[in-house]
Amino acid sequence: MRSFLPLLAILAVAPAALAAPPGLAELPARLDALERSTDPAAAAASMDELGIEVAQTGAEGSIAAAEGCFRRALAVRTNAFGERHPETAKSWSTLSDFAYVLGNWEDAEAHERTALAIRRDTLPAGDPAIAASLDSLGIVLLRMGRLGEAEALLAEAEKIRVGDASGDPAKLAETRNSLAELYRQQDRLDESEAVFRRALAKLAGGPDPTGVAARLENNLAGLLKDRGRLAEAEDLVRRSLEKRERAEEPDDGAMSVGLLNLAEILRLQGNPDGAEPLYLRSLELARKALGPGNPDLSTHLGQLAVLYRDSGRRTRARELFDEAQRLLAGTVGEEHPLTAQILDDRGRLEEMAERKDEAAALYRRALAIREAIFGADHFDTASTRASLARVLGSIEEAGKAIDALERLAAYPDVVARTRRLRATLLRSRGDLAEAERDLTAAAGAIETLRRDAGGGETARSAALARHRETFVELIDLLASQGRFSEAFAWSERARARALLDQLEAANVDVRSGIAGDRRKELEAKERAARTRLAEAQARLGSVPFRTDLPEERRRALAEAARAEAADAAAALRQVREETLNASALWREATGGPAANPDAVLRPDEVMLAYVVGEASSWAFVVKPGAPPTAVSLGREGRRSALDDALEGPAGVLDRISRPPRAGFDEDPSPELAALFERLVPEPVRSALESAKVAVIVADGPLARLPFEALVVAPGRYWLDAGPAVRYAPSATTLATLASRPPVPAERGVLTVSDPSYARAGASRWKPLPGTREESRAVSAAFRRTESLSGDRADEPGVRRALPNRWYVHLAVHGAVDYGRGDLVAGLALTPPAALARSGENDGMLQLYELYEMDLRSELAVLSACASGAGAAVEGESVFALARGFLARGARRVVATQWKVEDASAAALVGAFFGNLAREKSPDFTSALAEAKRKVRANPATAAPFYWAAFVLTGSR
């Protein structure tokens, strides 16, 4: 939806004087009784209240009956006070409000003009009642698109309210709320934001019984959302909801709007799982507050339908769209903005189902409604035009939409998508220069969208991922013309940007960019979430050892603890994202410009940087001192083909990540050989022949592929015949890591192994006695070594020992959480005794905790199982434990792609550290490759499962 306009009070607030909604049959008698009252002013006021209550019931005939109440009130006032009296003006204003709610804006304008004329004739020039009419009439004209007329009225209303020294600040704030919305629609976005903030400042610190401040925060959030500043918008909406939750009297209608707005932001951030419960709760409250026949329900129904539409639950989406359309047809009719919104959203559903004719018909109907009401240059009109252009493949319609939206500085995500659409159409007819111009503009705008996405690094990654194909198409366009240097530069701008933001922010305390009270509030929420998570994880870990309980009871307890841990983890993610949203320092982190690969490659190195797209894929070859070249990977290199080969039911990754089984023919060599042919075509192989080290910048499904396991010839892996391999999220990341100051050898080596998992009497982790061999090998190789194992390998001890080490070696169990951002993935350490357990000592050193530690080191080896695995995000590789070490100071990390076997891991890690100890200035990449070859040389551990899991990311 375009904005977060508040529900109108006329239908959202039930008058306290009426205990229950009246039946329509008894309504005439009640009106007659009121008309016989000796106090006509009070009688008319009661008739107005009765009309509001009738309208809220949503019963058949309630709209006409409600209008009848308002008309009777007008007659009472006219008879008692005359046609030109301030009391009579009240009825005209009520009729105007009612017509506005129903979408009858012409009637609303006429009625309010009558009220305003009466008030101007009978009241002093600065009377607040005149300001009220100016406000109402300005809002009507604003919605009709008559912005100039609306501005004059609202400006006059503001002047009256400012001059009324005894006036209600909330009324002034409401006027400024409308004026700010007007400026927004006039593309005066800076003025709009300033007026919203001025209105909020006027209310700061004072009482807010009518919830004006919360509504202002919602509407300001709407402005920021339309500008793509989701981080700030989310922070405002959450603060607004917290105010409403603390209110003495619950306001279900206001809460439903706030929850809807927050759900929208989470959906736009690519977090449908977080958005869905908010949408459902919002709809539940809206049904309760508005009644079954209120047209505002259509917004709640429609936006939940959009969520289901986009997540593939199309049958449920159709049901909700049907309900919304029936509701609107019976209330506001076919020519209303709410109807246009449902038609537009439903058009996308038909488009996704490849029913283009039906989609185009729906878009045309929505466009006609919006043009008639708002005009051709309105945000919503242009957005629908963009949708129609997409389904028609129309360059002309796309151009009109782009021009309008850019002029209005709204919907930057729609502009980016529409520019990509137009570029595709232009390229198909051979207009490469114009296509490039569109794609370049779109790709440049996406970086701003990414920065303002909110929700922390995960939301920033998701924002870039949603527009990933824009970058791929630009890269393909440039590379197809032989402009490889430009194409490579754009590939860098599409990679690992959130990780680069983390690297940039690692040098500052992002909390220092948050105001004092807000910071304290967020820190308290985070402490509570951490404690709750630690307690839930402790219960989950202890349940299997409750031998005093029957199996069925243990299963029930485990399920309850698992659910509690999931809820606590979600709460922790939320408060962390709220903290980043509230921090100006985090919002300003941009990761810096793309690096020149010459700055990160040695003369004997070559970089292979992959770009994997839906329609095209490329392998870039970068050598020091030479411009990049690139090779198209053809149809077999496209995303869908690689997904099938790597992750499909017979995918090669599953087969190499488990030990070979005797008696089964599971040799993946043919598939690994085919992948080598596909990913390393002849021109690339030639570039590798003279290289000692290959730096692999993977993309998409390639992020989990250990290239050294590729088969280059019968019986020979890349490990046997190719250059040593290290990995990098991007060339720019390598440049940032290389710029970190070295950690002196005097800081020594830390090795952690074989925690006492059963020390507390209950643990879900199996002992790892074999990892002590790894620690012994590390200690034998280096004099300055601190070794923690057994009871000493607990969380307080490891926390104390980790900071600012030369080398770090952790051989423990690793827990992987494939949820959003992998924030609760962790290293399992010696659990504490029950009385010592706390949020800071729960036996798990988790990713969110690593993000707060000083982890500066030359090398971190995470020999934990699957320490390099986690949730894969387009353009960001994997959110995993290894990422935490890179983000917080390590120059390079060795991590595992899958669960490793103890004996072979010990042999590999021992050989690796032995190789490092022999060199004063070690080559980490070559040292790891030599260690792998040693394990590979043993016939019992020759298969890739035993050695390919260990990958080095970072500096050489």
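Up top is the structure these notes are about.
Residues numbered from 1 in each chain as written. Predicted model: local features only at pLDDT ≥ 70, side-chain atom pairs only at ≥ 80, totals over all residues. Heavy atoms only, no water.

Asker: Where do I start with the pairing of strand S8 (residues 749-755) in this structure?
Answerer: In the case of a regular strand, side chains alternate between the two sheet surfaces. Summarising burial for S8: seven of the seven residues are buried, a large majority. In terms of strand pairing, S8 meets strand S9 (residues 785-790) through six bridges, oriented parallel. Counterpart to threonine 751 in the pairing with S9 is serine 787. As paired elements, S8 and strand S10 (residues 807-811) share five bridges and run parallel to each other. Residue pairing for S10: leucine 750 is matched across the bridge by valine 808. (Buried < 20%, exposed > 50% of the residue type's maximum accessible area, 1.4 Å probe, protein only. Helix = DSSP H or I, 4+ residues; strand = E, 2+ residues; numbered from the N terminus. Pairing = 2+ DSSP bridges.)

Asker: Can you help me understand the sheet that holds strand S12 (residues 826-828) in this one?
Answerer: Remark on secondary structure: sheet strands pair via backbone hydrogen bonds, oriented parallel or antiparallel. Overall, antiparallel pairing links the three strands, which are arranged S11-S12-S13 in an open sheet. Of all the strands in the sheet, the pair left with one neighbour each is strand S11 (813-815) and strand S13 (844-846). When the angles between neighbouring strand axes are averaged without regard to direction, this sheet yields 25°. For S11 and S12, the ladder comprises three bridges, and the chain directions are antiparallel. Counterpart to alanine 815 in the pairing with S12 is glycine 826. (Axes fitted to C-alpha atoms, helices over the stretch in contact; angles between N-to-C directions.)

Asker: How should I be thinking about the packing of helix H10 (residues 189-203) against helix H11 (residues 212-226) in this particular structure?
Answerer: The packing of two helices is summarised by the inter-axis angle and the distance between the axes. The interhelical angle for the contact between H10 and H11, taken along N-to-C directions, is 160°, at an axis separation of 10 Å. Judged on the interaxial angle alone, H11 and H10 are roughly antiparallel. In this structure, H10 crosses over H11, and the sense of that crossing is left-handed. For the pair H10 and H11, the contacting residues are Leu189, Ser192, Glu193, Phe196, Arg197, Ala199, Leu200 and Leu203 in the first and Val212, Ala213, Leu216, Glu217, Asn219, Leu220, Leu223 and Leu224 in the second. (Parallel < 35°, antiparallel > 145°, perpendicular 65-115°, else oblique. Left-handed = near helix turned anticlockwise from the far one by under 90°. Contact = heavy atoms within 4.5 Å.)

Asker: Before we go on, may I ask you to explain the nonpolar core in this structure?
Answerer: One broad rule of soluble globular proteins: the nonpolar side chains tend to lie buried together. If you look at the biggest cluster of nonpolar residues, it comprises 69 residues, and the most contacted ones within it are Leu134, Leu182, Leu216, Leu220, Tyr279, Leu304 and Phe321. If we ignore the near neighbours within four places in the chain, the residues touching leucine 304 are Tyr279, Leu280, Leu283 and Leu320. Leu653, Tyr807, Val951 and Leu952 belong to the second largest nonpolar core, which has 66 residues in total. (Core = buried A, V, L, I, M, F, W, Y, C linked by side-chain atoms within 4.5 Å.)

Asker: How should I be thinking about the packing of aromatic side chains in this particular structure?
Answerer: Two measures describe an aromatic ring pair: the distance that separates the ring centres and the angle between the ring planes. Considering all chains together, one arrives at 15 aromatic pairs under this definition. Ring geometry for phenylalanine 471 against tryptophan 490: centres 6.2 Å apart, planes inclined by 55°, an arrangement best described as tilted. Here phenylalanine 471, found in helix H24 (residues 468-480), pairs with tryptophan 490, found in helix H25 (residues 484-493); they are 19 residues apart in sequence, far enough to count as distant. Members of the aromatic cluster, connected to one another through ring pairs, are Phe782, Trp806, Tyr807, Phe912, Phe913 and Phe924. (Phe/Tyr/Trp six-rings, centres within 6.5 Å; stacked < 30°, edge-to-face > 60°.)

Asker: Is there a simple way to explain the pattern of salt bridges in this structure?
Answerer: Here the idea is simple: oppositely charged side chains can pair when their charged atoms come close. Under the counting rule described, the total for this entry stands at 74 salt bridges. Close ionic contact of arginine 518 with glutamate 242 constitutes a salt bridge, the shortest N to O distance being 3.4 Å. A residue pair is termed long-range when its members are at least 10 positions apart, and arginine 518 in helix H27 (residues 516-542) and glutamate 242 in helix H12 (residues 230-246) qualify at 276 residues. Exposure remark for arginine 518: the relative accessible area of 11% places this residue in the buried category. Across the salt bridge formed by arginine 417 and aspartate 413, the nearest N and O atoms sit 3.7 Å from each other. Of the two residues, arginine 417 and aspartate 413 are both situated in helix H21 (residues 412-428); the distance of four residues between them amounts to about one turn of the helix. Judged by its relative accessible area of 24%, aspartate 413 is partly exposed. Salt bridges sharing common partners tie together Asp235, Arg239, Glu242, Arg518, Glu521 and Lys525. (Salt bridge = Lys/Arg side-chain N within 4 Å of Asp/Glu carboxyl O.)

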